[in-house]
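# Observations on chain architecture
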Amino acid sequence: MQTRVFIVHMYPSLGTRLFTKAKEIGMMSEGYVWIMTDGLSVDFLSSPNHSVTDTIQGVLGIKPYVPKTKGLEYLRARWKRKFLRDNPNNIDAELNIYGLLAYDAATALALAVEKAGTTNFDFQKANVPSNSSTDLATLGISLNGPNILQALSTTSFKGLTGDYLFVDGQLQSPAFQIVNVNGNAGRRIGFWTPTTEGLVKTLNPRINKRMNSTSTSRVSTVIFPGDTTVVPKGWEIPTNEKKLKIGVPVKSGFSEFVAVTKDPGSNTATFTGFCIDVFDAVVKALPYALPYEYTPFANSDGEPAGTYNDLAYQVYLKNYDAVVGDITIVYNRSLYIDYTLPFTESGVSMIVPIADNNSKNAWVFMQPLTWDLWVSSFLFFVFIAFVVWVLEHRINEDFRGSASDQAGTSFWFSFSTMVFAQRERVVSNLSRAVIIIWCFVVLILTQSYTASLASLLTVEQLQPTVTDVRELIKKGEYVGYQNGSFVLGLLLDLGFDKSKLKVYGSPEECHRLFSKGSGNGGIAAAFDELAYIKLILSRYCSKYTMIDPKFKTGGLGFVFPKGSPLMPDISRAILNVTEGDKMKRIEDSWFGKKGTCPESSSSITSNSLSLKSFWGLFLIAGLAALLALIIFIVMFVYRERNVLRSSDSTASIWSRIENFFRIFIQRDSTSSTYRQSDLNDRNGISLPTMSAPSPSDYSVDTEYPANRSSSSYDSSPNREAPQEVVIDIDQLTNRNQERLAALEIDHENN
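Keep in mind that what you see is a predicted model, and the values were worked out from it rather than measured. (Residues numbered from 1 in each chain as written. Predicted model: local features only at pLDDT ≥ 70, side-chain atom pairs only at ≥ 80, totals over all residues. Heavy atoms only, no water.)

### Describing the overall build of the protein
The helix and strand tally for the protein stands at 24 helices and 24 strands. Taken over 750 residues, the protein has a buried fraction of 37%. In the protein, once contacts between residues fewer than 6 apart in sequence are set aside, the share between residues at least 24 apart is 69%. Summed over its atoms, the accessible surface of the protein is roughly 43,600 Å², and 56% of this surface lies on carbon and sulfur atoms. (Helix = DSSP H or I, 4+ residues; strand = E, 2+ residues; numbered from the N terminus. Buried < 20%, exposed > 50% of the residue type's maximum accessible area, 1.4 Å probe, protein only. Contact = heavy atoms within 4.5 Å. Areas by Shrake-Rupley, 256 points an atom, 1.4 Å probe, with all protein chains shown as cover.)

### Quick notes on the packing of helix α19 (residues 615-639) against helix α21 (residues 653-665)
The interhelical angle for the contact between α19 and α21, taken along N-to-C directions, is 105°, at an axis separation of 12 Å. One element, α19, and the other, α21, form an angle in the roughly perpendicular class. For the pair formed by α19 and α21, the contact residues are F632, F636 and V637 on the first element and F660, I663 and F664 on the second. In terms of residue class, the contact of α19 with α21 is built from six nonpolar, no polar and no charged. (Axes fitted to C-alpha atoms, helices over the stretch in contact; angles between N-to-C directions. Parallel < 35°, antiparallel > 145°, perpendicular 65-115°, else oblique. Nonpolar A, V, L, I, M, F, W, Y, C, P; charged D, E, K, R; others polar.)

### Some details on the pairing of strand β10 (residues 176-182)
Counting buried positions along β10 gives six out of seven residues, so the element sits mostly inside the fold. With five bridges joining them, strand β3 (residues 60-64) and β10 adopt antiparallel strand pairing. Bridged to G61 within β10 is V179. The pairing of β10 with strand β11 (residues 185-192) spans seven bridges and is classified as antiparallel. Counterpart to N182 in the pairing with β11 is A185. As consecutive antiparallel partners, β10 and β11 are separated by two residues, and within that stretch G183 has a phi angle of approximately 70°, a positive value. (Pairing = 2+ DSSP bridges.)

### Considerations on helix α12 (residues 429-458)
With 30 residues, α12 ought to run about 44 Å at 1.5 Å a step, and its terminal C-alpha atoms sit 43 Å apart, in line with that. When we look at burial in α12, the residues that qualify are S431, V434, I435, W438, C439, V441, V442, L445, Y449, S452, L453 and L456. Against α10 (371-392), α11 (403-415) and α19 lie the buried residues of α12. One side-chain oxygen at the N-terminal end of α12 lies 3.2 Å from the backbone nitrogen of L430; it belongs to S428. (Expected span 1.5 Å × (residues − 1). Polar contact = N/O pair within 3.5 Å; in protein donor to acceptor, adjacent residues only side chain to side chain.)

### Some words on the packing of helix α15 (residues 507-516) against helix α16 (residues 530-539)
As a packed pair, α15 and α16 sit with axes 10 Å apart at the nearest point and diverge in direction by 70°. Classed by the angle they form, the pair α15 and α16 counts as roughly perpendicular. As α15 runs across α16, the sense of the crossing is right-handed. Counted together, P507, E508 and C510 of α15 and L535, I536 and R539 of α16 form the full contact between these two elements. (Left-handed = near helix turned anticlockwise from the far one by under 90°.)

### Observations concerning the nonpolar core
Among the nonpolar cores identified, the biggest contains 51 residues, and F257, F343, I351, F558 and I570 are the most heavily contacted of them. Looking at which element gives the most residues to this core, the answer is helix α7 (residues 274-284), with eight residues. Among all residues touching F343, those that are not within four sequence positions of it are F274, C275, V278, G325, L556, G557, F558, I574, T578 and M583. Of all hydrophobic cores here, the second largest spans 34 residues; its members include V390, V441, L629 and I663. (Core = buried A, V, L, I, M, F, W, Y, C linked by side-chain atoms within 4.5 Å.)

### Re the sheet that holds strand β15 (residues 292-297)
Spatially, the five strands line up as an open sheet ordered β15-β12-β16-β24-β17, and their pairing is mixed. Edge positions in the sheet fall to β15 and β17 (338-339), since each of these pairs with one other strand and no more. Note: β17 against strand β24 (residues 556-560), two bridges, orientation antiparallel. The residue of β24 that forms the bridge with Y339 is V559. Lying on the sheet, helix α17 (residues 566-578) is in contact with β12 (244-249), β17 and β24; it crosses β24 at an angle near 160°.

### Focus on the confidence of the model for the protein
Looking at the protein, the pLDDT average stands at 80 and 80% of residues meet or exceed 70. Averaged pLDDT values over the elements of the protein bottom out at 40 in helix α23 (residues 695-699) and peak at 95 in strand β2 (residues 33-36). Low confidence marks residues 207-216, where pLDDT is under 50. Its contacts with residues over four positions away, or in another chain, come to 21 contacts. Every residue in residues 599-605 scores below 50 in pLDDT, and together they form 15 contacts with partners more than four places removed in sequence or on other chains. (pLDDT = per-residue confidence, 0-100.)

If you want it as C-alpha cells, here you go:
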C-alpha cells in the first residue's frame, strides 16, 4: 500500500510477532513510521528483551509519565520485598504503571468512604427473576453508594502517579512521555499533557505541568527506522505499482515546447521539448521514486487524436493518469481535472510588426517635447518677458520707447535667453534675481531638448504599426492565433469576427502571415500566450514587438485527476525547480540564452520629455518671478503714495486707475540711473573725466552774481590758472544741484 505510517495497538504477545514479520519483509526500513500505544510501550520497555527491542529499532512509543518521589521509591521497595517473599522463584518484582494506578485508585476510594461516613453499609436486595442465568442480578444496591460517589468525585490528592482528581466525573489524564526505541531502551523525546499544545522538552511541576519556556522545536531528534533523522514522507508510490501513463500532445509546430518523434523501424516514440524536460526535473525533485511512461495522444496514422480539451478529458475518463505538455490552465478544464502550479509566465498578449520611423517627417524637431511642455515653456517665456518689463521699464532706458518697442524688447530679451544672447542690460536687483533663476531653468530645458533630439535623430526608432485592439476590430483587420489554442474563444469574446481570424501552427508560419499583410491574405496582429510570444520574438526580434493589454491566464501546468495525492508534491517540486538554476538551464537549452536578442517591452513608451519632468523647475521660476513682482508693486505703491492719493475726493475708481497706470508707465526720474544720465546729457560733461573749463563757462556764471565772491571776478594776470579752474567747477556743481531740485519740484507738481 501507499501508507508508510502505522499505529500499533494490540496485546504484547501479538505485537512481538507483528514487528518480527514487519522486519522480515523490509517494513522496518527508511521511510516507515511505527507508533506504539502505551500498552506495548510499557510492556516492551519496562523489562527490555533484546530479542524484542532488536525488531523495533526507531519505533516511537507513548508511556504514562510518573514523577519520581520519595513515596514512590519507598512503595517500590516495600512491594519488591513482599513480592520476593511470596514468590521466591520470580525475580521480576518491578511494579509497573498499572500497579501504581491501582494503588492510587484504592487510596481514592478509601478517602471517599471516610468522607461519606461508615454508618450505613446496608444493601437493598433486588428482585431476582427465577429464570436469571447470572449471579449479577443477585447483587444488592448499596444504600450509601450515592454518597460515596459524590465524595469520590470531589476527592483530590497527590498520588504516586501524580495529581489525582476528577473533572466532570472523569479522571484527568496524566502526562505522557514520547520515547524513541534506540538500542535496548527507550530514549525520551518529549512530553505531552492535556494542558500543552504539541510536545515540550521538559515539564515544570511548579506550574502544574504546564508548558515552560522550552520551545516545542527543541524536543530531541527522532531516529526513525533505517537509522535516519530525515522525517519520512508518510506515504510513497509502491515500487511494484504499475507506471503512470502520461499523455503527451502531438503537434507539428512549436516543437521547442513539446515534440513527439516516432521511429518507424522500432515503432517507438521519443518525447522532447521544454515541457518534457521540466516534468523530468520535477519528478527527480520528489522525495520518492515515481515510475511513469509517456504516451502520445495520436491516432494510428500519427496525427493528433483531438484538441487539448479532448486530451485533458482523457484524464477524467481515466485513460491517462496525467498529461504533460504545453497545457494552459483555464477554468473550464478545471471543472473535471486538476492542475499543478504553473511553470511558465502567465498571460495572453498581442504582437504586431514594427517600423522604423527615424527622421521620416519634417516635424521631428517637435518630438523631443510633449505638447504640454511646449505650451508651458512658451507661456513662461512670455511671463518672464512681462516680469522683466515691469521691473525695468521705469529705470532702464533699454526698455523705454513706444509701446511696440517696449514689447518687442521685452520679448526679445526673454526668448534670447534660450541661446544666452540677450544684449540688453538689467539694472534692477529684482530683475537680476529673476533672470539668474530663469537662465538656470532654460539651461536645463535646452540641454534636455538637445539630448532628446540627438537620440531621435541618431538612434533607430522602432514603432508598432498597431497599438489598440479596438482599432483592429474597427478596421476589420485580420488577426492570427495558434492552432488548437483557447485564444480563439478569447478573440471571439473581444468582438472579432470569426471570418477575420487566421490560424498558424509555428513561428515560421506566423512570420509568413505577417509578411503578407492583412490586405493580402495575411494578418495585422497575432494573439498568443507570453511563452509562445517570447519564442517568436526571440527569432524575429527586429520585426515584431509585444503590445499591451495583457489578458490574465493561469500559465502552463501539468494535468492530474481530481483529488490525486500526487498534486501537492508535484506542485512543491515545481516551485523547487523554478526557483533554482535548473529552470534557467532548461530555458537556455530550448529558447537560447537571454541577451542574444533585445528584450521586447510589453508596452511602447515615448521618448518625449513631458511637463512632469520639469514642473519643479517651472514652479521655482514662477514663484521667484511672482515674489519679485509683489516686492516691486509694494515698493512702488509706498514710494508714490502721495501722488497716487488724489486730491479730488469725488474722483471715480476708473480715474484713480488711470492715474495709477499713467504714473506706472512713466520713467522714474528719481532713479540713480536716470539722474546720472540727466547730469551727463544736460551739462555735456562727465565729472570723472573733466577737462579744463572753456571761456564760455566763466560767462555763464554771471547769472548768479550774488553767489559769487569778489575774488571770482579777479582777472588779474598774476592769478594762476589752476585756481580759476577749481573755482569755476565748484560754481557749476552748485548750479547742477539747483537744477536737480527744480526737476524734482516739477515732477511732484505733475
